[in-house]
Amino acid sequence: MIFDLHSHSNYSDGILSPAALMSRAKANGVTVLALTDHDTIAGLRDAQQAADENDLVLIPGIEFSSQWGKIGVHIVGLGIATESDVLASAIVEQRQSRLSRAQAIAERLAKLGFIGALEGAQRFAGDALVGRPHFARHLVDIGAVRQPQDAFKKFLGTGKPADVKYQWPDIHQIIAWIHAAGGQAVLAHPLKYQLTRTKMRGLISDFAAAGGDALEVISGQQSHADTDALARLATEHHLSASCGSDFHMPNQSWQELGNFGRLPAHCHPVWRRLGFTA
Ligand code: MN
Ligand code: MN
Ligand code: MN
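Residues numbered from 1 in each chain as written. Chains lettered and ligands numbered in written order. Predicted model: local features only at pLDDT ≥ 70, side-chain atom pairs only at ≥ 80, totals over all residues. Heavy atoms only, no water.

### Details of the coordination of the manganese ion (ligand 3)
Moving on, step 1. The coordination sphere of the manganese ion (ligand 3) contains the protein donors His6 (NE2), His8 (NE2), Glu63 (OE) and Asp246 (OD), at a distance range of 2.1 to 2.2 Å.
Moving on, step 2. As a motif over one chain, the donors of the manganese ion (ligand 3) read H-x1-H-x54-E-x182-D.
Moving on, step 3. Taken as a pair, the manganese ion (ligand 3) and the manganese ion (ligand 1) lie 4.5 Å from each other. Of this pair, His8 sits in the loop between strand S1 (3-4) and helix H1 (18-27) while Asp246 sits in the segment after strand S7 (240-244), placing them 238 residues apart in sequence. Across this residue pair, the class does not change: His8 and Asp246 are buried. (Donors = N, O, S within 2.8 Å, 3.2 Å for Na, K, Ca; no water. Helix = DSSP H or I, 4+ residues; strand = E, 2+ residues; numbered from the N terminus. Buried < 20%, exposed > 50% of the residue type's maximum accessible area, 1.4 Å probe, protein only.)

So, in structure tokens, the structure goes:
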């Protein structure tokens, strides 16, 4: 069995519909796929139907944004009960965090003389929640900057006047939500946070102490050395091991469905906690 336990559809920032995602997973030889869209479970119904049609096993999942000190981290929930009330209100709360940030960005822009930026940005977001790229497009549209990247350089980027950080729930809160929904909490792509070795250990140890269940030992294509180091850290902290592509779209070979190495033999795969015996 080939497990890919981290992927995105167009219900968050992925490109493919859940159905197209499932066909692609199947074509790539994946047998068990977790759909883990950012802060939403809205794609899981379509995904389940497509999984049935493609004879694939779907693990219902979600990827929550969280915060460890000042550092933004992602925690994946696997095997969540989609009907959970706790999960439903958690998703509303995450949505509110994104909205509050968008409002704060708009207030900063108003102080700079750009009135109505939230409404302007919303036009580019359509049904999606407003994010910085939408503000950037609005600023281009009103002639404040020439290109979206200039909007980041002048206004929206780190340290610039309309730079507003998210306030995400801490790792305890996220783990509690996932557990309340009967899921396994997995610390996602630990290498992506660009931490020093000491900080990385600190994060993994805090995650384990907070009741986290697994570490994403493999996230897309990475070196054997990285895989071995993460596998050792997982074992050391009594965490299970997960693996996933973090697929968002075609033509990104380093994040292709099912296209990554195998977990080292000494790992305890997180799928055993989900009832698979492989
Ligand atoms: Mn993403
Ligand atoms: Mn992520
Ligand atoms: Mn992801």
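### Points about helix H6 (residues 148-156)
Moving on, step 1. Those residues of H6 lying buried are Asp150, Ala151, Phe155 and Leu156. When H6 is viewed along its axis, its buried side chains cluster within an angular range of 150 degrees and face the same direction. (Arc of directions from axis to C-beta.)

### Points about the coordination of the manganese ion (ligand 1)
Moving on, step 1. The coordination sphere of the manganese ion (ligand 1) contains the protein donors Asp13 (OD), His38 (NE2) and His248 (NE2), at a distance range of 2.1 to 2.2 Å.
Moving on, step 2. When the donors of the manganese ion (ligand 1) are listed by position in the chain, the intervening gaps give D-x24-H-x209-H.
Moving on, step 3. The exposure class assigned to His38 is buried, which follows from its relative accessible area of 17%.
Moving on, step 4. When its relative accessible area of 10% is taken as the criterion, His248 is described as buried.

### Section: the environment of Gly159
Moving on, step 1. Among the secondary structure elements, Gly159 is positioned in the loop between H6 and helix H7 (171-180).
Moving on, step 2. Once the C-alpha coordinates of Gly159 and Leu139 are considered, the two residues, 20 residues apart in sequence, prove to be 18 Å apart.

### A closer look at the pattern of salt bridges
Moving on, step 1. Applying the stated criterion to the full structure yields seven salt bridges.
Moving on, step 2. Asp246 is the partner of Lys192 in a salt bridge, and the nearest nitrogen-oxygen pair spans 4.0 Å. Of this pair, Lys192 sits in the loop between strand S5 (184-187) and helix H8 (197-209) while Asp246 sits in the segment after S7, placing them 54 residues apart in sequence.
Moving on, step 3. Looking at Lys192, the relative accessible area reads 52%, which means it is exposed.
Moving on, step 4. The closest approach of N and O atoms between Asp213 and Arg273, which form a salt bridge, is 3.4 Å. Here the residue Asp213 occupies a position in the loop between H8 and strand S6 (214-219), and Arg273 occupies one in the segment after S7, the gap between them amounting to 60 residues. (Salt bridge = Lys/Arg side-chain N within 4 Å of Asp/Glu carboxyl O.)

### Some details on the packing of H1 against helix H2 (residues 44-54)
To describe two helices that pack against each other, one gives the angle between their axes and the distance between the axes.
Moving on, step 1. Remark: H1 packs on H2, axes separated minimally by 8 Å, with the N-to-C direction vectors making an angle of 35 degrees. Handedness of the crossing formed by H1 with H2: right-handed. Counting all contacts with H1, which are made through Pro18, Ala19, Met22, Ser23 and Lys26, the residues of H2 involved are Asp46, Ala47, Ala50, Ala51 and Asn54.
Moving on, step 2. Here the residues of the contact of H1 with H2 are counted per class, giving six nonpolar, two polar and two charged. (Axes fitted to C-alpha atoms, helices over the stretch in contact; angles between N-to-C directions. Left-handed = near helix turned anticlockwise from the far one by under 90°. Contact = heavy atoms within 4.5 Å. Nonpolar A, V, L, I, M, F, W, Y, C, P; charged D, E, K, R; others polar.)

### Notes on the packing of helix H3 (residues 85-111) against H7
Moving on, step 1. H7 packs onto H3 with a crossing angle of 145 degrees between their chain directions and a minimal axis gap of 8 Å. Between H3 and H7 lies a crossing whose hand is left-handed. Across from Val86, Ala90, Glu93 and Gln94 in H3, the residues of H7 making contact are Ile174, Trp177 and Ala180.
Moving on, step 2. When its residues are assigned to classes, the contact of H3 with H7 shows five nonpolar, one polar and one charged.

### Comments concerning the sheet that holds S7
Paired through their backbone hydrogen bonds, the strands of a sheet run either parallel or antiparallel.
Moving on, step 1. Here we have seven strands laid out as an open sheet, ordered S1-S2-S3-S4-S5-S6-S7, and mixed in their pairing. Every other strand in the sheet has two partners, leaving S1 and S7 as the edge strands with one partner each.
Moving on, step 2. Across four bridges, the pairing between strand S4 (residues 71-78) and S5 is antiparallel. Across the sheet, residue Leu78 finds its bridge partner in S5, namely Gln184.
Moving on, step 3. Most of the contacts of H7 go to strand S3 (residues 57-68), to which it runs at about 160 degrees, and overall it touches S3, S4 and S5.
Moving on, step 4. Sitting on the sheet, helix H9 (residues 224-236) is in contact with S6 and S7, with an inclination near 175 degrees to S6. (Pairing = 2+ DSSP bridges.)

### Observations concerning the nonpolar core
Moving on, step 1. In terms of nonpolar packing, the biggest core is built from 50 residues, with Ile75, Leu215 and Val217 touching the most fellow members.
Moving on, step 2. In this structure, Phe114, Ala121, Val130 and Ala162 belong to the second largest nonpolar core, which totals 18 residues. (Core = buried A, V, L, I, M, F, W, Y, C linked by side-chain atoms within 4.5 Å.)

### Considering unusual backbone geometry
Moving on, step 1. Although it is not a glycine, Asp246 sits at a positive phi angle of roughly 60 degrees.
Moving on, step 2. Of note in this structure, Asn251 is not a glycine but carries a positive phi near 70 degrees.
Moving on, step 3. Position of Asn251 relative to the elements: it lies in the segment after S7.
Moving on, step 4. A relative accessible area of 74% places Asn251 in the exposed class.

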